[in-house]
Amino acid sequence: MKILNEMKMEFLNKSENEAFARVVIASFASQLDPTLEEITDIKTAVSEAVTNAIIHGYENEVGYVRVECRLYDDNRVEVEVVDKGHGIDDVEKAMQPLYTSKPELERSGMGFTVMETFMDEIYVRSILGKGTNITMVKYIKDSKKNDSSE
Amino acid sequence: MDVKYDKKTNSLIVTIQGDFDHHSSKRIRELIERNMRKFHAKNLVLDFKGLSFMDSSGIGVIIGRYRDISINGGKIVIVNVNNQFKRIFNISGIQKIIDIYDDTEKALKHM
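Only a predicted model underlies this, so the values are computations on that prediction, with no experimental measurement involved.

1. Observations concerning the overall build of chain A
A tally of regular secondary structure across chain A gives 4 helices and 5 strands. Start at the N end of chain A and walk to the C end: the helices and strands fall as β-α-α-β-β-α-α-β-β. A compact globule built from 150 residues should have a C-alpha radius of gyration of about 15 Å, and chain A, at 15 Å, falls within 12% of that. Seen along its three principal axes, the alpha-carbon backbone of chain A occupies a region of about 55 × 30 × 25 Å. Counting only residues that meet the buried cut, chain A has 54% of its 150 residues in that class. Contacts in chain A between residues far apart in sequence, at least 24 positions, make up 64% of those at least 6 positions apart. By element, 49% of the accessible surface of chain A is carried by carbon and sulfur atoms, the whole surface being about 7,400 Å². Where the 18 positive side-chain charges of chain A centre and where its 28 negative ones centre are 4 Å apart.

Okay, structure coming up:
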């Protein structure tokens, strides 16, 4: 598979940047001609991953969140959200529906479930004290961008 | 994000416009709580007509309000929910505890 396009950005872990990040990725991914529903799915999943990095990654400390996006010629969108924060102690537990380490903040504990449902693949790598990397993949079903009939 | 209020009998109608994410959720929660008290409302109607985005942070706030309002014997319902938001509701199972209606008029009949 060939990479058609790639972007990388970094921003401070401020909640204002959640909307910024999802809008940028949605705009970049639109190069593969996704449907409105596919774009909204990507937007929502990115919002969840970036929110996780902001709330859980750095707790109350200042840090940077890195977001990368790659578009492939098999109509695949790959989004990587990386923080260099505290890391997740138990990834399997964190990914369980309704699990939240911050119930006092009225978190629903549905973040990973939303990412898993709205994207086709999700990979979570986390090292305590080093940070977390969430990689998500979505296949754009009827993308006309790389249609061989064109 | 912008929030508008209206009161019909003992129900507060809250219309949320713009994004309902982690960034705006704290403010939305505060505004709902403050206005429920101010208007002495028992029930809450959340109108999503002008909502452009919602993720699981919104679900957290809705479940939180459900808890508070249920304790006081009130009801919370949501109206004007588009398909994308319905999908998030389905994943979270929220529709098992909160009723969804087409519009405010229909919702108020069930209050």
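Next comes the rest of the account.
2. Regarding the packing of helix H2 (residues 36-57) of chain A against helix H3 (residues 83-92) of chain B
The N-to-C vectors of H2(A) and H3(B) enclose an angle of 50°; their axes lie 11 Å apart at closest approach. The angle between the axes of H2(A) and H3(B) places the two elements in the oblique class. In this structure, the crossing between H2(A) and H3(B) has a hand that is right-handed. Contacts between H2(A) and H3(B) pair A:Glu37, A:Thr40, A:Asp41 and A:Thr44 from the former with B:Gln84, B:Arg87 and B:Ile88 from the latter. Looking at side-chain class alone, the contact of H2(A) with H3(B) contains 1 nonpolar, 3 polar and 3 charged residues.

3. A closer look at the packing of aromatic side chains
If you walk through the whole model with that rule in mind, you get 3 aromatic pairs over all chains. When the ring of A:Phe11 is compared with that of A:Phe20, the centres are 6.1 Å apart and the planes differ by 90°; the resulting orientation is edge-to-face. Assessed through its relative accessible area of 41%, A:Phe20 is described here as partly exposed. With a centroid separation of 6.2 Å and 40° between ring planes, the pair formed by B:Phe48 and B:Phe89 is classed as tilted. Separated by 41 residues along the polypeptide, B:Phe48 in the loop between strand S3 (43-47) and strand S4 (51-54) and B:Phe89 in helix H3 bring together distant segments of the chain.

4. Regarding a positive patch on the surface
Residues and elements named next belong to chain B. Together, Arg27, Arg34, Arg37 and Lys38 give the surface a local cluster of positive charge. Within the secondary structure, Arg27 sits in helix H1 (residues 22-38). Under the relative-accessibility criterion, Arg27 is labelled partly exposed at 41%.

5. Points about the nonpolar core
A general feature of soluble globular proteins is that nonpolar side chains tend to end up buried together. Grouped together as the largest cluster of nonpolar side chains are 35 residues, with contacts concentrated most on A:Ile25, A:Val67, A:Val77, A:Val79 and A:Met136. When contributions to this core are tallied by element, the ones reaching two or more residues are strand S1 (3-12), helix H1 (16-29), H2, strand S2 (64-72), strand S3 (76-83), helix H4 (111-118), strand S4 (121-127) and strand S5 (131-139) of chain A. The biggest single contributor to this core is H2(A), with 8 residues. Leaving out residues up to four positions away in the same chain, A:Val79 has contacts with A:Ile25, A:Val46, A:Val67, A:Glu68, A:Cys69, A:Ile134, A:Thr135 and A:Met136. Listed in part, the 30 residues of the second largest apolar core include B:Leu12, B:Phe20, B:Ile28 and B:Leu46.

6. Re the sheet that holds S2(A)
All names here are of chain A. Read from one edge to the other, the open sheet built from 5 strands follows the order S1-S2-S3-S5-S4, with strand pairing classed as antiparallel. The open sheet has two edge strands, S1 and S4, and neither has a second partner. In this sheet, neighbouring strand axes are inclined to one another by 10° on average, regardless of whether the strands run parallel or antiparallel. Two strands pair when backbone bridges link them, and S3 and S5 are joined in this way by 8 bridges, in the antiparallel orientation. From the neighbouring strand, Glu78 faces S5, where its bridge partner is Val137. Seen against the sheet, H1 touches S1, S2 and S3 and runs at an angle of roughly 170° to S1. Sitting on the sheet, H2 touches S1, S2, S3 and S5, and the angle it makes with S5 is about 175°.

7. A short note on the confidence of the model for chain B
Residue and element names in this part refer to chain B. Considering every residue of chain B, the mean pLDDT works out to 95; 100% of them sit at 70 or more. Here H3 is the element of chain B with the lowest mean pLDDT, 93, and S3 is the one with the highest, 98. Under the prediction, the complex receives an ipTM of 0.94, its pTM being 0.94.

What counts and what doesn't
Residues numbered from 1 in each chain as written. Chains lettered and ligands numbered in written order. Predicted model: local features only at pLDDT ≥ 70, side-chain atom pairs only at ≥ 80, totals over all residues. Heavy atoms only, no water. Helix = DSSP H or I, 4+ residues; strand = E, 2+ residues; numbered from the N terminus. Rg over C-alpha atoms; globule rule 2.2 N^0.38 Å. Buried < 20%, exposed > 50% of the residue type's maximum accessible area, 1.4 Å probe, protein only. Contact = heavy atoms within 4.5 Å. Areas by Shrake-Rupley, 256 points an atom, 1.4 Å probe, with all protein chains shown as cover. Lys, Arg positive; Asp, Glu negative; His and termini not counted. Charge placed at Lys NZ, Arg CZ, Asp CG, Glu CD. Axes fitted to C-alpha atoms, helices over the stretch in contact; angles between N-to-C directions. Parallel < 35°, antiparallel > 145°, perpendicular 65-115°, else oblique. Left-handed = near helix turned anticlockwise from the far one by under 90°. Nonpolar A, V, L, I, M, F, W, Y, C, P; charged D, E, K, R; others polar. Phe/Tyr/Trp six-rings, centres within 6.5 Å; stacked < 30°, edge-to-face > 60°. Patch = residues over 30% accessible without salt bridge, like charges linked within 9 Å, V, L, I, M, F, W, Y side chains within 5 Å. Salt bridge = Lys/Arg side-chain N within 4 Å of Asp/Glu carboxyl O. Core = buried A, V, L, I, M, F, W, Y, C linked by side-chain atoms within 4.5 Å. Pairing = 2+ DSSP bridges. pLDDT = per-residue confidence, 0-100.

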